[in-house]
Number of protein chains: 2
Amino acid sequence: MNPVSNIILPEPTLRRLPWYLAYVEILQKQKIEFVSSTQISRALSVDASQIAKDLSFLNIKGKTRIGYEVDALAEGLADFLGFSQCHRAYMIGCGSLGKALIRDSGLSKYGLEIVAGFDIDPNVVSRTDLGVPIYHIDRIYEIMEENPASIGILAVPSGMAQESADIAIGAGIKAIWNFTPYRVKVAEGIVMANTSIYAHLALIFNRLNSLER
Amino acid sequence: MNPVSNIILPEPTLRRLPWYLAYVEILQKQKIEFVSSTQISRALSVDASQIAKDLSFLNIKGKTRIGYEVDALAEGLADFLGFSQCHRAYMIGCGSLGKALIRDSGLSKYGLEIVAGFDIDPNVVSRTDLGVPIYHIDRIYEIMEENPASIGILAVPSGMAQESADIAIGAGIKAIWNFTPYRVKVAEGIVMANTSIYAHLALIFNRLNSLER
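Each value, and the rule that gives it
Residues numbered from 1 in each chain as written. Chains lettered and ligands numbered in written order. Predicted model: local features only at pLDDT ≥ 70, side-chain atom pairs only at ≥ 80, totals over all residues. Heavy atoms only, no water. Helix = DSSP H or I, 4+ residues; strand = E, 2+ residues; numbered from the N terminus. Buried < 20%, exposed > 50% of the residue type's maximum accessible area, 1.4 Å probe, protein only. Contact = heavy atoms within 4.5 Å. Areas by Shrake-Rupley, 256 points an atom, 1.4 Å probe, with all protein chains shown as cover. Lys, Arg positive; Asp, Glu negative; His and termini not counted. Charge placed at Lys NZ, Arg CZ, Asp CG, Glu CD. Pairing = 2+ DSSP bridges. Axes fitted to C-alpha atoms, helices over the stretch in contact; angles between N-to-C directions. Least-squares fit on C-alpha atoms with pLDDT ≥ 70 in both. Phe/Tyr/Trp six-rings, centres within 6.5 Å; stacked < 30°, edge-to-face > 60°. pLDDT = per-residue confidence, 0-100. Polar contact = N/O pair within 3.5 Å; in protein donor to acceptor, adjacent residues only side chain to side chain.

Enquirer: Got a minute to help me understand the overall build of chain A in this structure?
Expert: Secondary structure assignment for chain A yields ten helices and eight strands. Out of the 213 residues belonging to chain A, those deemed buried represent 55%. Counting only contacts in chain A whose residues sit at least 6 apart along the sequence, the fraction spanning at least 24 positions is 60%. Total accessible area computed for chain A in this model is approximately 9600 Å², and 50% of it derives from carbon and sulfur atoms. Across chain A, 20 positive and 22 negative side-chain charges occur, with their mean positions spaced 9 Å apart.

What follows is the structure, encoded as C-alpha cells:
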C-alpha cells in the first residue's frame, strides 16, 4: 500500500488520476486482472506516455507485456489520492446546496467526512434531521475544540462568502472548498479549491444556444 | 435587455462572467448604483483590461468616470449567461448525489429546471417525494415526447456513465453535465461539461497533506 502523497502534484495530474481510478474500478468489477497504459489510453483518450508519467508519481510499476495489476492500481490510486483516508470537514452554509452536499453520502466514499454544519438561520441551526449537528456560525471556535475539522465547504450566499471563509479560517480551517460563484481570497498557506457549478452552467447554456442558432 | 449570447464564448470568459455577476449582485444589495472595472478588478483580482474585454461581449458600455450601471450590468450578465432563461434538464441517476442536486433549489435560480429523474433501481423509480417524477431509464424516449429536456445531468455510478450518456443522447439530449469521475465520450455536436468533484477533493487532500509535512 502506498502512503498518501506528500508531493505537491500538478493540477492536471490531479485531474487525471481520478479518471484512471474510475476506470480501473470498472475493470475490477469486471474481474479483469491486468491493464496496460495503452488500454487506459484508448478508454480515456489520454496519451499513453502521459498516463505512464502520471502513474510514475505512485510507486506502482507496470510489468512489460502484462501492464498494471488492476487491484494494486486501484488501491494505490485511492490511497495516493487520499480517498481511503478520512478528512474531516465543516459545511459552512446549510441552505439548499449545503444540505444537499451533507446528504450526499458519496463524498464519504472518497474520504470526505462532513462532521458538522454551520449557518446563521435559527430554523436551520435547530435542525436535527441532517445526520450531522448544525450550529450557529458564532460557535465555530468552540466546536473546533470538541469536534475539529480541516476543510470548510463554502455553500453560503455570495455576499457572505468572503466573511464566512475568513471566520472559518480564523477558527482553524486549513482548506476552503468554495461552491459559491464569489471569488474568495485567502492568505497564502490556505488551500483553496473552487467548484464553479455556475460557470459550468454558463458553459452549457452558451454552447447549447450556439447549437440552436 | 440583452438576448442570451449566440456567440461561442471562450471558456475562461465563461468562467469569469459568473464572478462578475456574483460581485455586482452583492453591490445591488448594498444599493450601490455604479461600478468601475477598476473596482471589479480590485475585488476579484482580475486585470481591469480583461474585465473590459470580457464585458465587451455584452452590449453594455461603461460610462467614462462613472463606470457601469450596477442594475443594468447584473441584468445584462444574467441574461447573457442564460441564467434568466429556463433550461430543462433530466437527472440521470437519482442516487445520493442525484437526489441532492434535485433538491438543490439553487440551480433553478440560475436557469436550470430539473423536470424529471431517471434511474434503474425500482426503489428509486417509485419515489414521489423528490418534487419531480422519477422514471425507469427505459422510459426516457417516451418521456422525451411528453416532457422534453435538452440537458442530461449525469450522476450514475462510473461503470454506467458512458452507457447512460449514450441512452440519454439517443433519446434527444443535447448536453451532458457529467458529475461522475468517468470520462464520458460524446459525438461532436453534443455539449459536454465535467464537474470534477473528485478531482477537486484530490487537489484539496494533496495540498493539505503537503502542508502537514
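The structure having been displayed, the exposition proceeds.
Enquirer: Help me understand the sheet that holds strand β8 (residues 191-194) of chain A, please; the structure alone is not making it clear to me.
Expert: Residue and element names in this part refer to chain A. One open sheet holds the six strands; their spatial order is β5-β4-β3-β6-β7-β8, and the pairing between them is parallel. Of all the strands in the sheet, just β5 (134-136) and β8 have a single pairing partner and so form its edges. Averaged over neighbouring strand pairs, the angle between their axes works out to 25° when direction is ignored. Note that strand β7 (residues 175-178) and β8 share four bridges and pair parallel. In the strand pairing of β8, Trp177 is matched with Ala193. Of the strands in this sheet, β3 (87-92), β4 (112-119), β5 and β6 (151-154) are in contact with helix α5 (residues 96-103), which crosses β3 at around 155°.

Enquirer: What exactly am I supposed to notice about the relation of the copies chain A and chain B here?
Expert: Each of the two chain copies can be generated from the other by rotation about an axis followed by a shift along it. Between chain A and chain B, the superposition needs a rotation of 180° and an axial shift of 0.0 Å, giving an RMSD of 0.0 Å. Overall, the copies show the geometry of a two-fold rotation axis. Looking at the rotation axis and the C-alpha trace of chain A, the residue lying nearest is Ala100 of chain A, at 2.1 Å. When the interface residues of chain A are mapped onto chain B, 100% of them are again interface residues, pointing to one common binding face.

Enquirer: So what exactly am I meant to see when it comes to the packing of aromatic side chains here?
Expert: Each pair of aromatic rings is reported with the distance of its centres and the angle of its planes. This structure, assessed with the given rule, holds twelve aromatic pairs over all chains. Relative to Tyr110 of chain A, the ring of Phe83 of chain A lies with its centre 5.0 Å away and its plane at 80°, an arrangement referred to as edge-to-face. Here Phe83 of chain A, found in the loop between α4 (70-80) and β3, pairs with Tyr110 of chain A, found in the loop between α6 (106-109) and β4; they are 27 residues apart in sequence, far enough to count as distant. Tyr110 of chain A sits in the buried class, given a relative accessible area of 14%. An angle of 80° between the planes, with centres 6.3 Å apart, marks the rings of Phe205 of chain A and Phe83 of chain B as edge-to-face. In this pair, Phe205 of chain A is assigned in helix α10 (residues 197-212) and Phe83 of chain B in the loop between α4 (70-80) and β3 (87-92), connecting two distinct chains.

Enquirer: Whenever I open this one, the confidence of the model for chain A confuses me. Can you help?
Expert: Low pLDDT marks stretches whose predicted atomic positions should not be read closely. Predicted confidence across chain A gives a mean pLDDT of 92, with 97% of residues reaching 70 or more. We note a pTM of 0.90 for the whole complex and an ipTM of 0.92 for its interfaces.

Enquirer: Which parts of the structure should I look at to understand the side chain of Asp54 of chain B?
Expert: Residue and element names in this part refer to chain B. Counting through the fold element by element, Asp54 comes out in helix α3 (residues 48-55). Judged by relative accessible area, which is 1%, Asp54 ranks as buried. For Asp54, the side chain forms a polar contact with the side chain of Thr13, separated by 3.2 Å. Residues contacting Asp54, with those up to four places away along its chain left out, are Thr13, Arg16, Leu17 and Tyr20.

Enquirer: Explanation requested: the sheet that holds strand β8 (residues 191-194) of chain B in the structure shown.
Expert: Where strands meet in a sheet, backbone hydrogen bonds hold them as pairs that are either parallel or antiparallel. Reading across from one edge, β5-β4-β3-β6-β7-β8 (chain B) is the order of the six strands in this open sheet, with parallel pairing throughout. Strands at the two margins of the open sheet, each flanked by one partner only, are β5 (134-136) and β8 of chain B. Each strand of the sheet is rotated relative to its neighbour by a mean of 25°, with strand direction disregarded. On top of the sheet, α10 of chain A reaches β3, β4 (112-119), β6 (151-154), β7 (175-178) and β8 of chain B; it is set at about 175° to β8 of chain B, its chief contact.

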